[in-house]
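Coordinates in review
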Amino acid sequence: MTDKSKFMLRAIELSIQSAKSQGGPFGAVVVKNDEIISEGNNQVTANNDPTAHAEIVAIRNACKKLNDFFLKGCDLYTSCEPCPMCLAAIYWSHIDKIFYANTRIDAKNIDFDDSLIYSEVRKEINERKIKMSQMNRDEALEAFNIWKNKENKIKY
């Protein structure tokens, strides 16, 4: 068994445990230097948190353990192809590579369908299902101007 397979099998084991308990059937691990540094399973219903997907939980745990929001040098092993929210979090965290087992079509087949989100992201703001209205931009730009001119900012 390869190291990669070992890590994926752990993510799958977490997904099975989650499916048998209070979570959805998803698990993930973050690996750095060929060592699991964090794990996560779906905790959406257990925590009443729609953002508590396995990948997000694993990323949060990895950041806490490494005391860093920058996960360059880490790989993510997940039991299913990441949804759009998780994929965005993976990009924001700068994880190097994603390994996944089940596909988004497999997830759709058990009622975890994120195709609406994929289609909504491609639409113009005024064509989306959830309506968006811009307001108070001039006032809000103050924070952006402060950030732009801040000399000791931490970029991410």
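Above: the structure in question.
Residues numbered from 1 in each chain as written. Predicted model: local features only at pLDDT ≥ 70, side-chain atom pairs only at ≥ 80, totals over all residues. Heavy atoms only, no water.

**Considerations on the layout of surface pockets**
- Reported here for the largest pocket is a volume of approximately 360 Å³.
- F26, N42, H53, C83 and F112 are the residues nearest the centre of the largest pocket, which is lined by 20 residues in total.
- Of all the secondary structure elements, the ones that give two or more residues to the lining of the largest pocket are helix 2 (44-47) and helix 5 (104-108).
- Considering only residue class, the lining of the largest pocket consists of 10 nonpolar, five polar and five charged.
- Taken as a whole, the second largest pocket holds about 180 Å³ of empty space.
- Of the residues in the lining of the second largest pocket, the class split is four nonpolar, no polar and three charged. (1 Å grid on protein atoms, 1.4 Å probe; cavity = no way out; pocket = protein on both sides within 12 Å on 5 of 7 lines; lining within 4 Å. Points joined across faces, edges and corners; volume = space filled by probe spheres on them. Helix = DSSP H or I, 4+ residues; strand = E, 2+ residues; numbered from the N terminus. Nonpolar A, V, L, I, M, F, W, Y, C, P; charged D, E, K, R; others polar.)

**A closer look at the nonpolar core**
- Grouped together as the largest cluster of nonpolar side chains are 20 residues, with contacts concentrated most on V30, I59, L71, L76 and I95.
- Among the elements of the structure, strand 1 (27-32), helix 3 (54-66), strand 3 (74-80) and helix 4 (84-93) are those that each provide at least two residues to this core.
- Top element by residues in this core is helix 3. It accounts for six residues.
- Look past the residues within four positions of L71 in its chain and what remains in contact with it is I59, A62, C63, L66, S93, H94 and I95. (Core = buried A, V, L, I, M, F, W, Y, C linked by side-chain atoms within 4.5 Å. Buried < 20%, exposed > 50% of the residue type's maximum accessible area, 1.4 Å probe, protein only. Contact = heavy atoms within 4.5 Å.)

**Section: the environment of A58**
- Positionally, A58 belongs in helix 3.
- Separated by 16 residues in the primary sequence, A58 and N42 have C-alpha atoms spaced 9.6 Å apart.
- Not counting residues up to four positions away in its chain, the partners in contact with A58 are A28, V30, S38, E39 and G40.

**Overview of the packing of aromatic side chains**
- A complete count under the given rule lists five aromatic pairs for this structure.
- Each ring, one from F26 and one from F112, has its centre 4.9 Å from the other, and the planes form 90°; the classification is edge-to-face. Taken together, the positions of F26 in the loop between helix 1 (3-20) and strand 1 and F112 in the loop between helix 5 and helix 6 (115-122) put the pair 86 residues apart, joining distant regions of the chain.
- Here the aromatic rings of Y77 and F99 are separated by 4.5 Å at their centres, their planes lie at 10°, and the arrangement is stacked. Of this pair, Y77 sits in strand 3 while F99 sits in strand 4 (residues 97-102), placing them 22 residues apart in sequence.
- Residue Y77 is classed as buried on the basis of its relative accessible area, which comes to 2%.
- Note on F99: relative accessible area 16%, which makes it buried.
- These aromatic residues form a ring-pair network of at least three members: F7, Y77 and F99.
- We note R104 situated over the ring of Y118; from NZ or CZ to the ring centre the distance is 4.0 Å. (Phe/Tyr/Trp six-rings, centres within 6.5 Å; stacked < 30°, edge-to-face > 60°. Lys NZ or Arg CZ within 6 Å of the ring centre and 35° of its normal.)

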